[in-house]
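The chain contents come next:
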Amino acid sequence: MSSLTYPAMAILISRLINSFNKGPGPQLTHDGNFYSLMLFITALINLIAYFSMGYVTNIISQRLTRRYRSEIFASVLNQDISFFDEQQNTTGAIVSRLSTAPTQLQELLGFNVAIIFITLVNLVSTCILALILGWKLALVVLFGALLPIIISAWLRFAMETRLESSIEKRFAASAAIAAESVAAIRTVASLTLEDKIVERYNRPDSTRVTFTDVVRCRYSNCLTDIVEKSGQSFLWINLFFSTAQATVFAAMALTFWYGAQLVLRNEYTQNQFFIIFIAVLFSGEACVQVSTFTTSLSNARSGANYILWLRQQRAKPVPLLRDDREVSDDEKSSGPAAVDVINLEFAYRQRPGVKVINGVQIQIDKGEFVACVGASGCGKSTMVSLLERFYQATSGHIEYNSINIDNLCPKNYRQNIALVQQEPTLLSGTLRENIAFGLEREPTDGEVEDACKQANIWDFVTSLPNGLATDCGSSGTKLSDGQRQRIAIARALTRSPKLLLLDEATSALDTESERIVQAAIEKASRRDMTTIAIAHRLSTTKRADRIFVFSNGRIIESGDHRTLTQLGGMYYNMCLSQSLG
Ligand SMILES: Nc1ncnc2c1ncn2[C@@H]1O[C@H](COP(=O)(O)OP(=O)(O)OP(=O)(O)O)[C@@H](O)[C@H]1O
Ligand SMILES: [Mg+2]
């Protein structure tokens, strides 16, 4: 209804002007009353129409925004781990996009888009009316005035879109600096980097910012540069906006001038002229009104682009050679897992030329306790990441109970594995929640207590006033490193995994504590699960059934402690340097 307001107004007003032309009398009183009533009804229709439209579009946009916000978050969480290694996907950048993209999209989904639609329909209907009533004048005005307004609006939109994308990159870079600095606040404080980081925050560029950049002030793009670039763009945007505003009056001037000629030549009646003139007036205003929404449109475009990009990034669907449920049932009955690593090679996407894992071949029997040792950076944690299926091997593959893990659903597969990482992270919540996270069923109090005792953390838990109900703080910051590690071990043991992966899992524990935890793991290990442990401290891995010595992504020695020490190779030298006979 509102979309037809402009042509209706053009007809009503021109009729009213005609009535005035007839001079004072009863006809003028009648026409005046009639057309005023019509205009009043138009006002009422508009009131109801705009109110209902605002109400409905608001509900729709709120719902869609909530859906997209949740989609972005879910999409981010379901990305491949390698996605998070990319420099544009830092925590800060993602968190910033998570808050801005849905809001940007809301601008397109809400009231604005309805207004744009109504205005465009108004524009088209007034143009059609003008063309029907007097095509000559209508065409002259359409091409002479409305077209320049539309072109200006389009150019403004294009400029704003470009500016928006560069602002966004800078904003993401700033957010990345903020997130990194807050997360590493202790490092920032101890290195007294506060002022330099604030300075860097004010001068973000699109590249990833490292602390070295901050310290050495390696800025490729300073604030002045950014302000200058934005300033130039804003100049153009302003010029296009002013042109659109001014062209409305130019359109009126053109209509007056050419319309008067046509009326003088008796080609058009006065009534025709007024309808077209008013139609042009409204159309011009409509165009200008639409052009003011270019900012919303370019914002929405940027938000929508991010969502589409995320959808494209999502890991490819996993090919399932066998029914998922069937596979899990197999695994349930099989007890400890057998793991075969077959000619495995892997290079990180950021460094494709460097083979971090280079032709690794390991066969691990059910219930075996194996250890991987080697110098720092030789690829041990990467091996664990590949076993967890965080990354796809470059060549070769890993078999879990004789099934290629690439053919298993990652979520089902990971249900059978427990991982204690080098720096375990706890999530905000209570100790009990952290121990039970990810389990299909709620563990009993007895199970949690057992796991805590095995991880040698039960005494600490019972010493707390709230026991297992104690809050760990965000990322477990309220606990010491050793306590966090032991909670992570308890969490791993509660899962009753078929395969336990320990990556320096006891590195923060004191010798006595480590001995107790180690004994508990070894006991559970051979009976219920297969264990792969990584440790620098060789005393931790000494009792392993087999030890694999890694060097530059290859296995150079393997065997038990006694065999390897007798071999007198790298393992022997490592033992010597740790005074381990
Ligand atoms: N996400 C990553 N992107 C690119 N390279 C990586 C990534 N993670 C690790 N690397 C590189 O891969 C190599 C192996 O790293 P990895 O973490 O597996 O070593 P590690 O044997 O566990 O060392 P440490 O004993 O110090 O924990 C290193 O050279 C490291 O720089
Ligand atoms: Mg490591």
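Bear in mind that the values here come from a model prediction, so they are computed numbers and not experimental data. (Residues numbered from 1 in each chain as written. Chains lettered and ligands numbered in written order. Predicted model: local features only at pLDDT ≥ 70, side-chain atom pairs only at ≥ 80, totals over all residues. Heavy atoms only, no water.)

Asker: In this structure, what is going on with the UniProt feature "transmembrane region" (unreviewed entry) in the chain? I would like to understand it.
Answerer: UniProt's feature table lists "transmembrane region" (unreviewed entry) at residues 34-60, 108-132, 138-159, 171-193, 235-260 and 272-291, given in the numbering used throughout. Between the C-alpha atoms that bound residues 272-291 there is a distance of 28 Å. The span itself is 100% helix and 0% strand. (UniProt positions renumbered as here; feature names shortened; annotations may be inferred. Helix = DSSP H or I, 4+ residues; strand = E, 2+ residues; numbered from the N terminus.)

Asker: Explanation requested: the site of ligand 1 in the structure shown.
Answerer: Surveying the vicinity of ligand 1 reveals 15 residues, the closest of which are Ser376, Gly377, Ser381, Thr382 and Gln422. One nitrogen or oxygen atom from the side chain of Arg351 is found 3.3 Å from an oxygen atom belonging to ligand 1. Within the contact set of ligand 1, an oxygen atom lies 3.2 Å away from a backbone nitrogen or oxygen of Cys378. Out of a free accessible area of 630 Å², ligand 1 has 71% covered by protein chains. Grouping the amino acids of the shell around ligand 1 by side-chain chemistry returns 4 nonpolar, 8 polar and 3 charged. (Near = heavy atom within 4 Å. Polar contact = N/O pair within 3.5 Å; in protein donor to acceptor, adjacent residues only side chain to side chain. Areas by Shrake-Rupley, 256 points an atom, 1.4 Å probe, with all protein chains shown as cover. Nonpolar A, V, L, I, M, F, W, Y, C, P; charged D, E, K, R; others polar.)

Asker: Teacher, can you tell me more about helix α11 (residues 294-313) here?
Answerer: An ideal rise of 1.5 Å per residue puts 28 Å on 20 residues; α11 measures up with 28 Å between its terminal C-alpha atoms. Every buried residue belonging to α11 is among Thr294, Ser296, Ser298, Asn299, Ala300, Ser302, Gly303, Tyr306, Ile307 and Leu310, and all of these are buried. (Expected span 1.5 Å × (residues − 1). Buried < 20%, exposed > 50% of the residue type's maximum accessible area, 1.4 Å probe, protein only.)

Asker: I would appreciate a short explanation of the sheet that holds strand β3 (residues 369-374) in the present structure.
Answerer: Each strand in a sheet pairs with another by means of backbone hydrogen bonds, the pair being arranged parallel or else antiparallel. Taken in spatial order, the 6 strands of this open sheet run β6-β7-β8-β3-β9-β10, and their pairing is mixed. In the strand order of this sheet, the two ends are held by β6 (417-420) and β10 (554-559), each with one partner. Going across the sheet, the axis of each strand differs from the next one's by a mean of 15 degrees, ignoring polarity. The pairing of β3 with strand β9 (residues 546-551) spans 5 bridges and is classified as parallel. Bridging across to β9, Cys372 finds its partner in Phe548. (Pairing = 2+ DSSP bridges. Axes fitted to C-alpha atoms, helices over the stretch in contact; angles between N-to-C directions.)

Asker: For this particular structure, what's the right way to read the nonpolar core?
Answerer: Considering soluble globular proteins, one finds that nonpolar side chains tend to be buried as a cluster. Grouped together as the largest cluster of nonpolar side chains are 42 residues, with contacts concentrated most on Leu431, Cys452, Leu468, Ile489, Leu500 and Tyr571. For this core, the element with the most residues is helix α18 (residues 481-494), which contributes 6 residues. Among all residues touching Leu500, those that are not within four sequence positions of it are Ala418, Ala492, Leu493, Ile521, Met529, Thr530, Thr531 and Ile532. Among the nonpolar cores identified, the runner-up in size contains 31 residues, and Leu344, Ile362, Leu386 and Phe548 belong to it. (Core = buried A, V, L, I, M, F, W, Y, C linked by side-chain atoms within 4.5 Å. Contact = heavy atoms within 4.5 Å.)

Asker: Can you help me understand the sheet that holds strand β1 (residues 339-346) in this one?
Answerer: Sheet architecture is open: 4 strands sit in the order β2-β1-β4-β5, paired in antiparallel fashion. The open sheet has two free edges, formed respectively by β2 (357-364) and β5 (403-404), since each of these has just one partner strand. Summarising the sheet, β1 and strand β4 (residues 395-400) pair through 5 bridges and their orientation is antiparallel. For Ile342, the partnering residue across the bridge sits in β4 and is His397. Against the sheet, helix α13 (residues 380-387) touches β1, β2 and β4, its axis set at about 120 degrees to β1.

Asker: Can you walk me through helix α1 (residues 5-21) in this structure?
Answerer: Helical periodicity: at 3.6 residues per turn, an α-helix aligns residues three or four positions apart in one direction. Compared with an ideal rise of 1.5 Å per residue, which puts 17 residues at 24 Å, α1 spans 24 Å between its outermost C-alpha atoms and is within 8% of the ideal. Listing the buried residues of α1 in full gives Thr5, Tyr6, Pro7, Ala10, Leu12, Ser14, Leu16 and Ser19. Close packing links the buried residues of α1 with α2 (26-77), α4 (111-133) and α10 (270-291). Following α1 by one or two positions, Gly23 adopts a phi angle in the positive range, close to 85 degrees.

Asker: In this structure, what is going on with the packing of aromatic side chains? I would like to understand it.
Answerer: Two descriptors summarise a pair of aromatic rings, namely the distance from one centre to the other and the angle between the planes of the rings. Counted under the stated rule, the structure contains 13 aromatic pairs. Look at Phe83 and Trp309: their rings are 6.0 Å apart centre to centre, the planes differ by 40 degrees, and that puts the pair in the tilted class. Here Phe83 is found in the loop between α2 and α3 (91-109), whereas its partner Trp309 is found in helix α11, with 226 residues between them in sequence. Accessibility expressed as a relative area gives 25% for Trp309, which makes it partly exposed. Ring plane angle 20 degrees and centroid distance 5.9 Å describe the contact between Phe273 and Phe277, whose orientation is recorded as stacked. In this pair, Phe273 and Phe277 both sit in helix α10, 4 residues apart, roughly one turn of the helix. (Phe/Tyr/Trp six-rings, centres within 6.5 Å; stacked < 30°, edge-to-face > 60°.)

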